[in-house]
Amino acid sequence: QHHHRINFDKYHPGYFGKVGMRNFHFIKHSKVQPIINVEKLWSLVSEKTRLYYKEHTEKAPVIDVLQHGYMKVTGKGQLPEQPMIVKARYFTKEAEVKIKAAG
């Protein structure tokens, strides 16, 4: 590594050696939460399904956002006055209020 190291130390400082602490079971994307807004919830369900549940109000559709790749529901936008059940890992307070107000 002799003459090779001179070049690397000059143009790539910090290339050799270790720094910091090791984390043995490091999960790279542990803090990533894909979000969806309240206004987009009905886009996860087909238009045919939405119209069916608009007529049959004794039932409510179950929208599982985890199946569509989202974890968190945020409260931006408006919801139609149509009851539905939303399954997600996390909700903001505003989203929870809007979903409960819709039915």
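Our structure's up above, just so we're on the same page.
Described below are features of the structure shown in this document. These figures come from a predicted structure and were not determined experimentally.

Scoring rules and cut-offs
- Residues numbered from 1 in each chain as written.
- Predicted model: local features only at pLDDT ≥ 70, side-chain atom pairs only at ≥ 80, totals over all residues.
- Heavy atoms only, no water.
- Helix = DSSP H or I, 4+ residues; strand = E, 2+ residues; numbered from the N terminus.
- Rg over C-alpha atoms; globule rule 2.2 N^0.38 Å.
- Buried < 20%, exposed > 50% of the residue type's maximum accessible area, 1.4 Å probe, protein only.
- Contact = heavy atoms within 4.5 Å.
- Areas by Shrake-Rupley, 256 points an atom, 1.4 Å probe, with all protein chains shown as cover.
- Lys, Arg positive; Asp, Glu negative; His and termini not counted.
- Charge placed at Lys NZ, Arg CZ, Asp CG, Glu CD.
- Pairing = 2+ DSSP bridges.
- Arc of directions from axis to C-beta.
- Salt bridge = Lys/Arg side-chain N within 4 Å of Asp/Glu carboxyl O.
- Phe/Tyr/Trp six-rings, centres within 6.5 Å; stacked < 30°, edge-to-face > 60°.

Some remarks on the overall build of the chain
Argument step 1. Looking only at helices and strands, the chain has three helices and five strands in total.
Argument step 2. Reading the helices (α) and strands (β) of the chain from amino to carboxyl end gives α-β-α-β-β-β-β-α.
Argument step 3. The C-alpha atoms of the chain give 25 Å as radius of gyration, which overshoots the globular expectation for 103 residues (13 Å, by more than 25%).
Argument step 4. Summarising its shape, the C-alpha atoms of the chain cover approximately 80 × 25 × 25 Å along the three principal directions.
Argument step 5. The buried share of the chain, taken over its 103 residues, is 22%.
Argument step 6. Contacts in the chain between residues at least 24 apart in sequence constitute 43% of all its contacts with a sequence separation of at least 6.
Argument step 7. Surface exposure of the chain reaches about 8500 Å², of which carbon and sulfur atoms provide 55%.
Argument step 8. Side chains of the chain give 18 positive and 9 negative charges; the mean places of these two sets differ by 13 Å.

Looking at the sheet that holds strand β1 (residues 35-37)
Argument step 1. Strand order across the open sheet formed by three strands is β1-β3-β5, with parallel pairing between neighbours. Of all the strands in the sheet, the pair left with one neighbour each is β1 and β5 (90-91).
Argument step 2. Pairing between strand β3 (residues 72-74) and β5: two bridges, direction parallel. Across the sheet, residue Val73 finds its bridge partner in β5, namely Phe91.

Quick word on helix α3 (residues 93-102)
Argument step 1. Among all positions in α3, only Ala95, Ile99 and Ala102 are buried. Buried positions in α3, seen along its axis, are confined to an arc of 60° and lie on one side of it. Relative to its buried face, α3 has exposed residues pointing more than 90 degrees away, namely Lys93, Val97, Lys100 and Ala101.
Argument step 2. For α3, the elements touching its buried residues are β3, β4 (85-87) and β5.
Argument step 3. The positive-phi residue at the C-terminal boundary of α3 is Gly103, with phi of around 140°.

With respect to the pattern of salt bridges
Argument step 1. Using the criterion set out here, one finds five salt bridges in the structure.
Argument step 2. Residues Glu47 and Arg50 are paired through a salt bridge, measuring 2.8 Å at the closest nitrogen-oxygen approach. On the criterion of helical spacing, the pair formed by Glu47 and Arg50 is a turn pair, its members being three residues apart in helix α2 (residues 47-55).
Argument step 3. Look at Arg50 and you get buried, because its relative accessible area is 18%.
Argument step 4. Among the salt bridges present, the one from Lys98 reaches Glu94, with a minimum N-O distance of 3.6 Å. With Lys98 and Glu94 both in helix α3 and four residues apart, the pair spans about one turn of that helix.

Description of the packing of aromatic side chains
Argument step 1. Evaluated as defined, the whole model comprises four aromatic pairs.
Argument step 2. Taken together, a centroid distance of 4.6 Å and an interplanar angle of 55° make the contact between Phe8 and Tyr15 tilted.
Argument step 3. Where Tyr52 meets Tyr53, the ring centres are 5.1 Å apart and the plane angle is 80°; that geometry is what we call edge-to-face.
Argument step 4. A relative accessible area of 35% places Tyr52 in the partly exposed class.

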